[in-house]
Amino acid sequence: MVPLLSVNSITKQFTSMPIVTNVSFEVYPGEIFALLGASGCGKTTTLRIIAGFEKADSGTITMQDRVLEEKGIHTPPESRGIGFVFQDYALFPDKNVLENAAFGLSRKMEKKERHAKALDTLERVGIAHLHTRMPHHLSGGEQQRVALARSLAKQPKLLLLDEPFSSLDTGLRQTTREEIRELLKSAGITVILVTHDQEEALSFAERVAVMNSGIIEQIGTPEEVYRHPKTVYVASFLGTTNIIETDIKDGIAQTPIGILAVDAPDTIQALLSIRPEHISIEKHLTDSDDKQYAHITDREFKGHDFTYRVKVDGKHYFVQTDYQRIFEVGEAVTLKPIEAVVIEEKT
């Protein structure tokens, strides 16, 4: 499939500090693509360069066969055919919902035609009945839908979402996210989402690019980047993990919590990522010699599961169980690794 958007070796520096360094990726028609990373990693700057709000110092951006950004070329934002939903929604407080949704439409259209098109878009996002309301009379989720309608009314080829759910309550965030995703997918709209929220990226996007200090460390499906991280940063950023240094011989890794088979060649000082849910935990039996003896030092109850902090030979490891597996702080247990990923090899 031919990509809709191609970002090639984009670099941006403010004063003497590089913010984005040699960033490259492609986004395909109808795809939801996420840029995921901590605050300050360069993801929003990358989004603003794609939108045309910032100029890249070097690199190329093309959309289909059209060059948007290159040395000597900078297409202005209004000519790119790209929609942008800001983190704070940027609604006009003195305009009602309908007027906000119609704002970006061409002034060459008659007012009646602009409002009809805007109302149709409001219908698509499920808030046409609020068209006379002022922004301050709307909930956070409703304001977000107005901002989305304003972008969609212009029928952009690409929609950019900058932390669109961050200001919503936890419960509202999940339901809104699911509804917006269904809307975008049913409409076949191509989307780039910027977020620092791992759960949001993994559940909303079809592919994820994990950014760290201005570079992309890994691109893949949510399952790929979570289950097969390529770097320590990716493994650690996408949820809790246990990083263990060990040697691998004949497909077997020796770890402080037990041995396990790994799909990797013989290696000295390999780094393993073992997710908390990939460690089994049992009450310690005095006659058990095949598992590692340990003590629980802390536990966190999250409703649907427990996360235990377990001390083994002076080091702590995280173990996750379902809500029915209850162990007490101070209790003696044995651990056994079930699955691991080799994320780095040292020679």
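Residues numbered from 1 in each chain as written. Predicted model: local features only at pLDDT ≥ 70, side-chain atom pairs only at ≥ 80, totals over all residues. Heavy atoms only, no water.

Draft legend 1. Layout of the overall build of the protein. Along the backbone of the protein there are 8 helices and 21 strands. Taking all 347 residues of the protein together, the buried fraction comes to 47%. The long-range share in the protein, meaning contacts at least 24 apart out of those at least 6 apart in sequence, stands at 63%. Taken as a whole, the protein presents about 17300 Å² of accessible surface, with 49% of it coming from carbon and sulfur. For the protein, the separation between the mean place of its 39 positive charges and that of its 49 negative charges on side chains is 8 Å. (Helix = DSSP H or I, 4+ residues; strand = E, 2+ residues; numbered from the N terminus. Buried < 20%, exposed > 50% of the residue type's maximum accessible area, 1.4 Å probe, protein only. Contact = heavy atoms within 4.5 Å. Areas by Shrake-Rupley, 256 points an atom, 1.4 Å probe, with all protein chains shown as cover. Lys, Arg positive; Asp, Glu negative; His and termini not counted. Charge placed at Lys NZ, Arg CZ, Asp CG, Glu CD.)

Draft legend 2. The nonpolar core, seen in detail. Membership of the largest hydrophobic core comes to 44 residues, with the highest contact counts inside it found for L122, L148, L159, L161, L184, F204 and V208. A total of 5 residues in this core trace back to one element, the largest contributor, which is helix α4 (residues 140-152). Setting aside residues no more than four positions away along its own chain, F204 makes contact with I32, L161, F165, R177, I180, R181, L184 and L193. Ranked by size, the runner-up nonpolar core spans 28 residues in total, among them I10, F33, L35 and I49. (Core = buried A, V, L, I, M, F, W, Y, C linked by side-chain atoms within 4.5 Å.)

Draft legend 3. Structural detail: the sheet that holds strand β6 (residues 73-74). Spatial strand order, β2-β1-β4-β5-β6: 5 strands in an open sheet with antiparallel pairing. Of all the strands in the sheet, the pair left with one neighbour each is β2 (17-27) and β6. Alignment of strand β1 (residues 5-14) against strand β4 (residues 58-63), held across 5 bridges, turns out to be antiparallel. Each bridged residue has a counterpart across the sheet, and for S6 the counterpart in β4 is T62. (Pairing = 2+ DSSP bridges.)

Draft legend 4. Molecular detail of the packing of aromatic side chains. Scanning all chains against the criterion turns up 10 aromatic pairs. Judged by centre distance (4.6 Å) and plane angle (40°), the rings of F84 and F86 are tilted. Judged by its relative accessible area of 28%, F86 falls in the partly exposed class. Measuring from ring centre to ring centre gives 5.6 Å for F306 and Y308, while their planes differ by 20°; the resulting arrangement is stacked. Residue classification places Y308 among the buried positions, given a relative accessible area of 0%. The positively charged end of K95 is found above the aromatic ring belonging to F92, 6.0 Å away from the centroid. (Phe/Tyr/Trp six-rings, centres within 6.5 Å; stacked < 30°, edge-to-face > 60°. Lys NZ or Arg CZ within 6 Å of the ring centre and 35° of its normal.)

Draft legend 5. Local environment of the side chain of E31. Mapped onto the fold, E31 is located in the loop between β2 and β3 (32-36). Residue classification places E31 among the buried residues on the basis of a relative accessible area of 9%. For E31, the side chain forms a polar contact with the side chain of R207, separated by 2.5 Å. For E31, the residues in contact, after removing those within four places along its chain, are E26, I189, T190, V191, E206 and R207. (Polar contact = N/O pair within 3.5 Å; in protein donor to acceptor, adjacent residues only side chain to side chain.)

Draft legend 6. Representation of helix α5 (residues 170-187) in the model. Spanning 18 residues, α5 covers 26 Å between terminal C-alpha atoms, matching the ideal 26 Å at 1.5 Å per step. Of the residues making up α5, those classed as buried are R173, T176, R177, I180, L183 and L184. The arc that holds the buried residues of α5, viewed along the axis, is 135°, so those residues lie on one side. With respect to the buried face of α5, the exposed residues turned more than 90 degrees away are G171, E182 and S186. If you follow the buried residues of α5, they end up packed against α3 (111-124), α4, β8 (158-162), β9 (190-195) and α6 (198-204). Positive backbone phi, at 70°, marks G188, one or two positions downstream of α5. (Expected span 1.5 Å × (residues − 1). Arc of directions from axis to C-beta.)

Draft legend 7. Local environment of the pattern of salt bridges. With the rule as written, the count across this model stands at 11 salt bridges. In this structure, the salt-bridge partner of E31 is R207, at a minimum N-O distance of 2.5 Å. Here R207 lies in strand β10 (residues 207-212) and E31 lies in the loop between β2 and β3, a separation of 176 residues in the sequence. Of the two residues, E31 and R207, neither departs from the other in class, the shared state being buried. Taking the shortest distance from any N to any O, the salt bridge between D305 and K302 comes out at 3.8 Å. (Salt bridge = Lys/Arg side-chain N within 4 Å of Asp/Glu carboxyl O.)

Draft legend 8. Main features of the pairing of strand β13 (residues 252-255). By the alternation rule, side chains of β13 split into A253 and T255, which are all buried, and I252 and Q254, of which none is buried. As defined by bridge partners, strand β12 (residues 242-249) adjoins β13 across 2 bridges and the pair is classed as antiparallel. Paired with K249 across the strands is I252, a residue of β13. By the bridge criterion, 4 bridges tie β13 to strand β14 (residues 258-261) in an arrangement that is antiparallel. Bridged to Q254 within β14 is I259. Here β13 folds back onto β14, and the loop between the two strands holds 2 residues.

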